[in-house]
Amino acid sequence: DAGVTQSPTHLIKTRGQQVTLRCSPKSGHDTVSWYQQALGQGPQFIFQYYEEEERQRGNFPDRFSGHQFPNYSSELNVNALLLGDSALYLCASSFTRGETSKNIQYFGAGTRLSVL
Amino acid sequence: QKEVEQDPGPLSVPEGAIVSLNCTYSNSAFQYFMWYRQYSRKGPELLMYTYSSGNKEDGRFTAQVDKSSKYISLFIRDSQPSDSATYLCAMGGRGSTLGRLYFGRGTQLTVWP
């Protein structure tokens, strides 16, 4: 049973560029959440997608956007990259079958983004 | 004040020791409490979760939640070198923030042989 998969594993971009990160959720999961983890910090919630719609959003600017596809996979897009966007971007999946299951999230290995 | 506070350590113990990891929080709406383990340059791995107050045990791991004190703990018995990792506490609420997790910054643990 495949877990949460993310691609690519590592990206190097320059300031002002745009980037797209991809995530496939764990089998049977329908909800995808994205987190940003800066070095030495805990993950920070960016947003969550369910039924192809953004359901919740954390304190991130509009430069961060996302999408969920009918097969539940998801993309995270970041425009006009800043040096401060350098971080590990984590995708987490869960399934919507009661309150508890929505909070029990399984993470992928992450995409490490370096902005130069 | 951050919603979840966690001492980053580092914490270094000998093999076989009992390890105690802790987090405090300020949001009384939190009802779900999770512990994740994160190895270097990897994604977080879910270890345990607890709903509301009480204790939960799974093998060498015990999670405790004291909602009256807004304090959660993870105990690791008979610690092993393979337990060396960063341990993250995470919390979630209900209603409008259901599914959004709030993390501590993680405690770095080293278990030496």
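> In this structure, what is going on with the state of the cysteines? I would like to understand it.
Covalent bonding between the sulfur atoms of two cysteines is what defines a disulfide. Under the counting rule described, the total for this entry stands at 2 disulfides over all chains. The disulfide partner of C23 of chain A is C91 of chain A, and the S-S distance across this bridge is 1.8 Å. The S-S bond linking C23 of chain A to C91 of chain A shows a torsion near -60 degrees; that makes this disulfide left-handed. Within this pair, whereas C23 of chain A is found in strand β3 (residues 19-24), its partner C91 of chain A is found in strand β9 (residues 87-94), the two being separated by 68 residues in sequence. Each member of the pair C23 of chain A and C91 of chain A is classed as buried. The partner cysteine of C23 of chain B in its disulfide is C89 of chain B, sulfur to sulfur 2.0 Å. Here the S-S torsion is close to -100 degrees, and the disulfide linking C23 of chain B with C89 of chain B is therefore left-handed. In this pair, C23 of chain B sits in strand β3 (residues 19-25) while C89 of chain B sits in strand β9 (residues 85-92), placing the two residues 66 residues apart along the sequence. Each member of the pair, C23 of chain B as well as C89 of chain B, carries the same accessibility label: buried.

> Help me understand the packing of aromatic side chains in this model?
Between two aromatic rings, the relevant description is the distance of the centres plus the angle of the planes. According to the stated counting rule, one finds 12 aromatic pairs over all chains in the structure shown. Note on Y35 of chain A and F107 of chain A: the rings are 5.4 Å apart at their centroids and 50 degrees apart in plane angle, and the pair reads as tilted. Of this pair, Y35 of chain A sits in strand β4 (residues 31-37) while F107 of chain A sits in strand β10 (residues 106-107), placing them 72 residues apart in sequence. Judged by centre distance (5.6 Å) and plane angle (45 degrees), the rings of Y36 of chain B and F103 of chain B are tilted. Linking Y36 of chain B in strand β4 (residues 32-38) with F103 of chain B in strand β10 (residues 101-103), this pair joins segments that are 67 residues apart in sequence. Judged on exposure class, the residue Y36 of chain B and its partner F103 of chain B are both buried. An aromatic cluster is present here, built from Y35, F45 and F107 of chain A together with Y36 and F103 of chain B joined pairwise through their rings. In this structure, K26 of chain A packs its charged tip against the face of Y106 of chain A, placed 5.5 Å from the ring centre. Across from the ring centre of Y49 of chain B, 4.0 Å away, lies the NZ or CZ of K56 of chain B, which sits over that ring.

What counts as what
- Residues numbered from 1 in each chain as written.
- Chains lettered and ligands numbered in written order.
- Predicted model: local features only at pLDDT ≥ 70, side-chain atom pairs only at ≥ 80, totals over all residues.
- Heavy atoms only, no water.
- Disulfide = S-S within 2.5 Å.
- Helix = DSSP H or I, 4+ residues; strand = E, 2+ residues; numbered from the N terminus.
- Buried < 20%, exposed > 50% of the residue type's maximum accessible area, 1.4 Å probe, protein only.
- Phe/Tyr/Trp six-rings, centres within 6.5 Å; stacked < 30°, edge-to-face > 60°.
- Lys NZ or Arg CZ within 6 Å of the ring centre and 35° of its normal.

No statement about biological role is implied by the geometric values presented.
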